[in-house]
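Here is how the chains run, residue by residue.
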Amino acid sequence: MIKRDDRIHPIISGNKWRKLSSLLSEQPENIKGIVSFGGGFSNHIHALSYVCNQLNMPFVAIIRGDYTKNPTPMLKDIERWGTTINYVDRKTYQLRNDHDFLAQLAKRYTDYVIVPEGGSDHDALNGVTQIVSELTLWDFDTIVTPVASGATLAGIVSSIAPHQHAIGVAVLKGADYLEQLVNNFLPEPRENWHISHNYHCGGYAKVTQALTALCKEVTLDYDIPIEGVYSGKLFFALKEWLQQQVFPEGHKIVVLHTGGIQGARAHTR
Ligand SMILES: *Cc1c(COP(=O)(O)O)cnc(C)c1O
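Residues numbered from 1 in each chain as written. Predicted model: local features only at pLDDT ≥ 70, side-chain atom pairs only at ≥ 80, totals over all residues. Heavy atoms only, no water.

A.B. asks: Please explain the overall build of the protein as it appears in this structure.
C.D. replies: Across its full length, the protein holds 10 helices and nine strands. Taken over the C-alpha trace, the protein has a radius of gyration of 18 Å; the compact-globule value for 269 residues is 18 Å, and the two agree within 12%. A principal-axis box enclosing the C-alpha atoms of the protein has dimensions of 55 × 40 × 35 Å. Counting across all 269 residues of the protein, residues that qualify as buried make up 49%. Taking as baseline every contact in the protein between residues at least 6 positions apart, the subset at least 24 positions apart corresponds to 73%. With the model as given, the accessible surface of the protein reaches about 13600 Å², and the carbon-plus-sulfur share is 50%. Of the charged side chains in the protein, 25 are positive and 27 negative, and the gap between their average positions amounts to 8 Å. (Helix = DSSP H or I, 4+ residues; strand = E, 2+ residues; numbered from the N terminus. Rg over C-alpha atoms; globule rule 2.2 N^0.38 Å. Buried < 20%, exposed > 50% of the residue type's maximum accessible area, 1.4 Å probe, protein only. Contact = heavy atoms within 4.5 Å. Areas by Shrake-Rupley, 256 points an atom, 1.4 Å probe, with all protein chains shown as cover. Lys, Arg positive; Asp, Glu negative; His and termini not counted. Charge placed at Lys NZ, Arg CZ, Asp CG, Glu CD.)

A.B. asks: Just to check I follow, could you spell out the pattern of salt bridges for this structure?
C.D. replies: Where charged atoms from two side chains of opposite charge approach closely, those side chains can pair. Applying the stated rule across the entire model yields eight salt bridges. Put simply, D6 and R4 hold a salt bridge, and the shortest N to O gap is 2.8 Å. For D6, a relative accessible area of 14% gives the class buried. For R4, a relative accessible area of 23% translates into the label partly exposed. The salt bridge involving R18 is made with D5; its shortest N-O contact spans 2.9 Å. With R18 in helix α1 (residues 14-26) and D5 in the loop between β1 (2-4) and α1, this pair connects stretches of sequence that are 13 residues apart. The same class applies to R18 and to D5, which are both buried. (Salt bridge = Lys/Arg side-chain N within 4 Å of Asp/Glu carboxyl O.)

Now the structure itself:
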């Protein structure tokens with residue numbers, strides 16, 4: 001079964017909706033705006049910018065790299081939605097979790113909420129656990145999801161039953177590192193999950209011909225839009241596992257389509 005979180009909202013990408021939902025449902029009254037971080041194709045920045053536009057909430061996006069001369073479709077959207085874009089070089093961007101850097105930001109943007117890259121913090125997990133609670137009618141055996149910052153997988157792992165298993169498909173190179181990220185988010189250690197590192201196709205947002213072909217095939221033949229950064233790698237892994245008969249017969253699998261179609265626009269790599 002495919003859990004179509006890509007269908008949650010036409011603009012707000014699936015798992016970014018989940019991750020932002022607890023921030024947005026609380027909606028503290030005294031906050032003046034939101035600051036967050038992302039790359040030039042970020043689904044998180046795109047989702048948050050749209051939400052802030054709808055809420056009339058000032059939003060400052062700190063973007064890795066300078067796209068002034070050549071903005072991506074994502075950046076054009078958020079500009080239209082009134083986001084203040086702040087381009088920084090890679091070195092500055094690396095400070096995004098640094099204590100002093102964040103203190104400076106907090107001073108500059110008083111009463112703004114600073115949301116980490118990808119919307120991934122402990123609060124984000126609450127929204128993600130919602131996915132599993134929507135699946136209670138079907139006692140699945142395994143759920144598979146793409147992994148980047150680990151918050152989505154951690155939210156799933158923390159909410160599935162002990163007899164169920166979660167598999168993350170790494171979309172970037174990071175053996176051990178990704179496992180550590182997931183463990184950091186988990187409220188308590190769990191055994192019923194693992195990450196597959198065989199399908200990142202060379203790194204984040206890197207694609208191969210076979211991956212691009214599969215994205216096209218699934219999008220056209222099955223009318224399920226997938227792209228090469230996240231869902232494509234997930235489907236690629238799944239196709240291979242089914243061919244190799246990795247799962248026993250009758251094994252019930254949930255494939256979590258996390259959305260992210262906007263990020264693929266003009267993504268030529
Ligand atoms: C951000 C994103 C992910 C990765 O989620 P993490 O919680 O960062 O691991 C997966 N799929 C899509 C479409 C995303 O935008």
